[in-house]
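Given next are the chains, with one letter for each unit.
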Amino acid sequence: MSEQLIYELSVPGRSGTRPPKLDVPLTALPTELLRDKLPLPEVSEIDLVRHYLRLSQLNYSLDHGMYPLGSCTMKYNPKVNEAAASLPGFTGLHPRQDEATVQGALYIMYQLQEQLKEIGGFAGMTLQPAAGAHGELTGVLIMRKYQLDRGEMQRDTILVPDSAHGTNPASTHMSGLRVVEIPSDERGNVDLAALKSQLSDRVVGLMLTNPNTLGLFDENLLEIIELVHECGGLVYGDGANMNALLGIMRPGDAGIDVMHFNLHKTFSTPHGGGGPGSGPVGVAEQLVEFLPGPVVRQAISVEDEFPYYTLHTPTQSIGPVKSFWGHFGVIVRAYTYIRMLGAEGLRRTAEHAVLNANYLLRRIEGVYHVPYNRLCQHEFVVEGHFEDAPEVHALDIAKRLIDYGVHPPTNYFPLIVHEALMIEPTETESKQSVDHYAELLLKIAVEARETPELLQEAPHNAPVRRMDEIRAARQPILRYVPVDSR
Amino acid sequence: MVYVPHTEAERREMLAVIGVESMEELFQDIPAAHRYPQLELPEPLSEMEVMQELQELSAASLNANEAPTFLGAGAYRHWVPSVVNHIIGRSEFATAYTPYQPEISQGTLQAIFEYQSLICDLTGMEVANASHYDGATAAAEAVIQAVSASRMKRKKIIVSPYVNPQYRQVIHTYTQGMGLEIAGEATSGALAELVQLVDKQTACLIVQSPNFLGELESLEGLAAEVHARNKKTLLAVATNPLSLGLFTPPGAYGADIVMGEGQPLGLGLNFGGPYLGFYATREKYKRNLAGRLVGQTVDKEGQRGYVLTLSTREQHIRRERATSNICTNQGLMALAAAIYLSTLGKQGLRQVAELNYQKAHYAAQQIDALEAFSVLTTKPFFNEFVVQCPAPAAEINEFLLNGWMFDIIGGYDLSKDYPDRQNQMLLAVTEMNTRTEIDDLVHALAGFEAHRILGGDHE
Ligand SMILES: Cc1ncc(COP(=O)(O)O)c(C=O)c1O
């Protein structure tokens, strides 16, 4: 089943739109600057709508069924969020309008800043970063500048555990700092001895994901933070996994100095097939003035004593990390979610996320090898490999799940687990849905022994069969080229 | 409870399977002193109450779509065809994630492949990635591409002062730890002067056309001049993609990188985001490119399909040696841009671009005819131009908004970024501005003159 490219549907002379009539006198065009050809497709509106409708049907999405992609928190995206974000007084605001004319929007941003500070235990918050990785870069730049402004010029190193997501070392590198990797111990915690051996006055800080990417809460969290602080370093928290901690623990209370949130994970905003996300960054008191600008401040207007909101750039700001103030459309959705849930709802969210994960883990342990078998948080990692079915790999299990109409877990991450399958059910899945997923995993484990080729050949009933990724990389075709000009 | 479907009986059953007595026991690894904080958050509301509150907040701002608006400076009010939001609102696109499993993500993958193709066609380039966060971060990634292509040997970059000031600021932010020399911002901005700065150390020259003042830079011959001074220096051009419906794209002038803000391609204003950083380069730099790339391939039965490819450039494989840290990008916004470009198509895009050009020129002529206002833009321009005003731009905007018969959202105060540009305003005119709106603006500006002469007080 395949769909033609939009270019292949093109018929010269068609268009899907009629622009308004020109209602002003003509000015001559600068002919020497005009382009000669514009090879865009020409399709009618109905052809276009059908094209995209057919494409959409080739996708699996969260609204189809369970999507337990570890580390991504694919929880249900409430529809009220969409209704909220499409209100005309939000979608129609120009970011450079006079502050007095955008008070409704600034109010929401201010409230979300305050709410995230409260949830995370931070003194300051920026909503500007566009995604998690962007928040990391922001946070690492803040840590770097803080150390430089203290005169600690020799500090050039960020410690990153080997279980960290690839964006952590990549963000560090972009900030101009050096990455030193810290191994994990046999319980999945940061190896304390290894950490100690790397602590020195070269350390800007440590980037910690907690719960970590194995889904485990580091049992030595407080000691780790204390050790890093003692050597003059800061602790960055990768907040990708905050869904386990909402109302359970505030990372700021435990001493985390900087942390990004992922509104597209924890706060239920749609993932959009790969964005837009939003990665607000919270910081401890001593870092507030380093935040990227601007942040929203509340002022009391003199005349009428109504709160008034303004955009303000912190004094030692690292500078803006993107245009304007952040992904406002995503911010409205996250605000709506927090208003719907309140403190109680957030806590129950985390509790049920952790409940679902532990329950699924217990249902499949023994059949799947669990390399770090402790109580997990909102997700867990098993090996997608069986000793008595050596030719079956995690990838095959993932592809076989597709045949059964569910989305596979994250595979091959974290890198420290052999043939990793990283499973995050999220709290919005019912017991029935988690049970169903467990039964599929158990069934596939049997198939792996009895009919391994069924897995290796999977998927069998997806819109396409297994794709040739090697060919894609060896002979890259990265754009449509019309047949006659190839 | 909203969004958590578990019943009490199910919870108990599940806790029993896990082998714990209570929810709290699941959190035994969390330091007791910090466990279960009291969060001070507003009480939860029903959907009806939340929407009522949000409707009030929506009404508390002035919607630029409902007032004559002449504000641009990096974000533009354009007509978004109804099909765009209809399609990007579909759950199949909106509630999927990055297409890691190509067999069940062909919809997203093919749409992004089409987006990459459309961006190449529009910019006149050979390879486009699946998106950056916005125009400013795309500009910063261009610097990183150029510097890392030189293996950190060339550490000077040259930036025109008329590259969008936000892009320039973000370049400074991103590169603050890289030890780069950033030259050019203190020049007059004349291309000849910028080219003179290109030397052995120069990784790239970044210009923008239409530039921040709305003018089309004369890119003819620029690439050759840059490469004549240093054949390894990359020419990166930021552009407004809608202007390319009409004007020769930077790719045809030999640019090495073309990028910018994709918001004009069917994305609402949304108070500044989410927008779209589009990014295109030459075939030979495809392995230096940041971000996701979708490639065409076949499945095991030979059927055409699409996958994420060349991922050894990326953070999840290459970690600290990746070309960028970007992971989640602007997938849904790239889809919107692809739908927009396909809906308008070859003719429509040109027509909309021309409407922008014509209306902006009409507005400029009318304003220039006023006694106290004059248009400073002398080079060809697209849909933005600079007006010298008889008073600070802020004062005029205040009059347009509050002192005139109805609200008009005026232009951008250039003195905010260019202190020597006192009393200068950048006005944007798009297809959304009717002749009546433009005439009203002109009357209002004339009214400002009169009001100044009479010394009236509009407060
Ligand atoms: C642990 C972790 N950190 C960081 C990121 C990066 O976040 P984003 O994709 O929003 O940039 C991810 C994303 O999957 C993640 O799982």
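Residue numbering note: each chain is counted from 1, following its sequence as written. Both sets of labels track the order of writing: A upward for chains, 1 upward for ligands. The predicted origin of the model limits local features to residues at a pLDDT of at least 70 and limits the giving and counting of side-chain atom pairs to 80 or more, whereas totals for whole chains, interfaces and linings rest on all residues. Derived side-chain values reflect all non-hydrogen atoms in the structure, with water molecules and hydrogen atoms excluded from consideration.

1. Considering the overall build of chain A
Condition: Numbering of helices and strands runs from the N terminus, with a helix taken as a DSSP run of H or I at least four residues long and a strand as a DSSP run of E at least two residues long. Only the C-alpha atoms count toward the radius of gyration. The rule for a globule is 2.2 Å times the residue count to the power 0.38. Exposure categories follow from relative accessible area, calculated using a 1.4 Å probe and restricted to protein chains: below 20% of the type maximum is buried, above 50% is exposed, and the middle band is partly exposed. Contacts are assigned to residue pairs that have any heavy atoms within 4.5 Å of one another. Using a 1.4 Å probe, accessible areas were evaluated by the Shrake-Rupley method; residue-level cover was limited to the displayed protein chains. His is not counted here, nor are the chain ends, while Lys and Arg score as positive and Asp and Glu score as negative. Positions of charges follow a simple convention, taking NZ of Lys, CZ of Arg, CG of Asp or CD of Glu.
Secondary structure summary: chain A contains 13 helices and 12 strands in total. The C-alpha radius of gyration of chain A comes to 25 Å, within 12% of the 23 Å expected for a compact globule of 486 residues. Here the C-alpha coordinates of chain A stretch approximately 75 × 70 × 45 Å along the principal axes. Taken across its 486 residues, chain A has 69% of its residues classed as buried. Within chain A, residue pairs in contact and separated by at least 24 positions form 72% of the contacts whose partners lie at least 6 positions apart. About 15900 Å² of surface is accessible on chain A, with carbon and sulfur atoms providing 50% of the total. When the 41 basic and 60 acidic side-chain charges of chain A are each reduced to a single mean position, those positions are 5 Å apart.

2. Some thoughts on the overall build of chain B
The secondary structure content of chain B amounts to 13 helices and 13 strands. Here the C-alpha coordinates of chain B stretch approximately 85 × 60 × 50 Å along the principal axes. Burial statistics for chain B: of 459 residues in total, 68% are counted as buried. Carbon and sulfur atoms make up 49% of the accessible area of chain B, which totals about 15200 Å². Treating the 34 positive side-chain charges of chain B as one cloud and the 53 negative ones as another, the clouds have centres 15 Å apart.

3. Things to note about the site of the ligand
The condition that has to hold: Whether a residue is near a molecule or strand depends on its heavy atoms: it is near if one of them lies within 4 Å of it. Any pair of N or O atoms that falls within 3.5 Å is considered a polar contact. Within protein, one atom must be able to donate a hydrogen and the other to accept it, and sequence-neighbouring residues count only if both atoms are side-chain atoms. All residues other than Ala, Val, Leu, Ile, Met, Phe, Trp, Tyr, Cys, Pro, Asp, Glu, Lys and Arg, Gly among them, are scored as polar; the first ten of these are nonpolar and the last four charged.
Taken together, 15 residues are adjacent to the ligand, and Ser71(A), Gly132(A), Ala133(A), Asp238(A) and Thr328(B) come closest. Residues near the ligand are shared among chains A and B, making this a multi-chain site. His165(A) is positioned such that a nitrogen or oxygen atom in its side chain is 3.5 Å from an oxygen atom of the ligand. Contact between the ligand and His264(A): an oxygen atom at 2.8 Å from a side-chain N or O atom of the residue. The fraction of the free accessible surface of the ligand (390 Å²) that becomes covered by protein chains is 99%. Of the residues in the shell around the ligand, the class split is five nonpolar, seven polar and three charged.

4. Some points on the interface of chain A and chain B
Cut-off, in case you're wondering: By buried area we mean the combined loss of accessible area, with a 1.4 Å probe, across both parts when two parts are placed together. Salt bridges, as used here, are contacts in which a Lys or Arg side-chain nitrogen is within 4 Å of a carboxyl oxygen on Asp or Glu.
Residue-level contacts link 199 residues of chain A with 183 residues of chain B. Buried area between chain A and chain B, summed over both chains or domains, comes out near 16800 Å², and the portion from carbon and sulfur atoms is 62%. Across the chain A-chain B interface, the total number found is 10 salt bridges. A salt bridge links Glu301(B) to Arg465(A); its shortest N-O distance comes to 2.7 Å. Inspection of the chain A/chain B interface yields 96 residue pairs in polar contact (both at pLDDT 80 or more). At 26 residues, helix H9 (residues 328-364) of chain A tops the list of elements feeding residues into the side of chain A that touches chain B. The class makeup of the residues in the side of chain A that touches chain B is 104 nonpolar, 56 polar and 39 charged.

5. Considerations on the pattern of salt bridges
Inspection of every chain in the model, using the stated rule, returns 48 salt bridges over all chains. Of the charged contacts, one joins Glu351(A) and Arg347(A) as a salt bridge, the two residues approaching to 3.2 Å between their closest N and O atoms. In this pair, Glu351(A) and Arg347(A) are both assigned in helix H9, four residues apart and thus about one turn of the helix distant. Linked by salt bridges that have partners in common, Arg363(A), Lys431(A), Asp435(A), Glu439(A) and Glu13(B) make up one network.

6. Considering the side chain of Thr27(A)
By the element assignment, Thr27(A) lies in the segment before helix H1 (45-56). Judged by its relative accessible area of 17%, Thr27(A) falls in the buried class.

7. Description of the nonpolar core
Note the cut-off: For the purposes of this section, nonpolar cores are sets of buried Ala, Val, Leu, Ile, Met, Phe, Trp, Tyr and Cys residues that join through side-chain atoms within 4.5 Å.
Of all hydrophobic cores here, the largest spans 142 residues; its most connected members are Ile119(A), Leu195(A), Phe267(A), Tyr368(A) and Leu26(B). Residue contacts for Ile119(A): discarding those within four places in its chain leaves Met242(A), Leu246(A), Arg250(A), Pro251(A), Phe261(A), Phe267(A), Ile338(A), Leu346(A), Leu39(B) and Leu41(B).

8. Quick look at the packing of helix H4 (residues 103-120) of chain A against helix H2 (residues 47-59) of chain B
To keep things clear, this is the line we draw: Orientation is described by lines fitted to C-alpha atoms, with helices fitted over the stretch in contact, and by angles between N-to-C directions that extend from 0 to 180 degrees. Comment on the angle field: the value is read as roughly parallel under 35 degrees, roughly antiparallel over 145, roughly perpendicular from 65 to 115, and oblique elsewhere.
Across the interface, H4(A) lies against H2(B) with an axial gap of 6 Å and an inter-helix angle of 130°. One element, H4(A), and the other, H2(B), form an angle in the oblique class. Across from Gly104(A), Tyr107(A) and Ile108(A) in H4(A), the residues of H2(B) making contact are Glu53(B), Leu54(B) and Leu57(B). Here the contact of H4(A) with H2(B) is composed, by residue class, of four nonpolar, one polar and one charged.

9. Side note on the confidence of the model for chain B
Which entries qualify depends on this criterion: Confidence scores labelled pLDDT are given residue by residue by the predictor and lie between 0 and 100.
Across chain B, pLDDT averages 96, with 99% of residues at or above 70. Note on the complex model: pTM 0.98, ipTM 0.98.

10. Structural notes on unusual backbone geometry
With an omega of -10°, the peptide bond between Gly293(A) and Pro294(A) qualifies as cis. With respect to the helices and strands, Pro294(A) occurs in the loop between strand E7 (281-283) and strand E8 (295-300). The amide bond that connects Ser209(B) to the next residue, Pro210(B), takes the cis arrangement and shows omega of -5°. Structurally, the position occupied by Pro210(B) is in the loop between strand E4 (202-208) and helix H9 (222-229). Its identity is not glycine, yet Glu419(A) carries a phi of approximately 50°, on the positive side. Following the sequence through the fold, Glu419(A) ends up in the loop between strand E11 (410-411) and strand E12 (420-423).

11. Focus on the environment of Ala391(B)
Residue and element names in this part refer to chain B. Tracing the backbone through its elements, the reader meets alanine 391 in the loop between strand E11 (384-388) and helix H12 (393-403). In this structure, the C-alpha to C-alpha distance between alanine 391 and phenylalanine 373, residues 18 residues apart in sequence, is 9.6 Å. Contact partners of alanine 391, with chain neighbours within four places excluded, come to Ile396, Asn423, Phe448 and Arg452.

12. Digging into helix H11 (residues 331-368) of chain B
Residues and elements named next belong to chain B. We apply this condition: Given a helix with a known number of residues, its expected span is that number minus one, times 1.5 Å. To get the bend at a given residue, fit one axis to the seven residues ending there, fit another to the seven starting there, and take the angle between those axes.
Here H11 contains 38 residues, and its C-alpha end-to-end distance of 42 Å is more than 12% below the 56 Å for a straight helix at 1.5 Å per residue. At glycine 345, H11 shows its largest bend, some 100°. Taking burial as the measure, the 38 residues of H11 include 30 buried ones, the bulk of the element.

13. What about the pairing of strand E3 (residues 178-182) of chain A?
For clarity, the cut-off: We treat two strands as partners when DSSP finds at least two bridges between them.
Of the strand pairs in this sheet, strand E2 (residues 157-161) of chain A and E3(A) are connected by five bridges, and their pairing is parallel. The partner of Thr157(A) across the bridge, within E3(A), is Arg178(A).

14. Details of the domain arrangement of chain B
Residue and element names in this part refer to chain B. The following threshold applies: For each domain, the first and last residues come from an automatic or database assignment.
Domain boundaries assigned for chain B yield domain 1 (82-342) and domain 2 (345-453). Placing the centre of domain 1 and that of domain 2 at their C-alpha centroids yields a distance of 30 Å. With 22 residues of domain 1 in contact, the opposing surface of domain 2 contributes 23 residues. With both sides pooled, the region where domain 1 packs onto domain 2 buries about 1800 Å², and carbon together with sulfur makes up 64% of that total.

15. A few points about the sheet that holds strand E12 (residues 412-413) of chain B
Either a parallel or an antiparallel arrangement is found when strands of a sheet pair, and the pairing is made through backbone hydrogen bonds. Residues and elements named next belong to chain B. Across the sheet, which stays open at both edges, the four strands sit in the order E10-E11-E13-E12 with antiparallel pairing between neighbours. In the strand order of this sheet, the two ends are held by strand E10 (374-375) and E12, each with one partner. As judged from the two bridges shared by E12 and strand E13 (residues 424-428), these two strands associate in the antiparallel manner. Note that in E13 the partner of tyrosine 412 across the bridge is leucine 426. The strands that H11 touches are E10, E11 and E13; relative to E11, the one it contacts most, it runs at about 10°. Set on the sheet, H12 makes contact with E12 and E13; between it and E13 the angle comes to about 50°.

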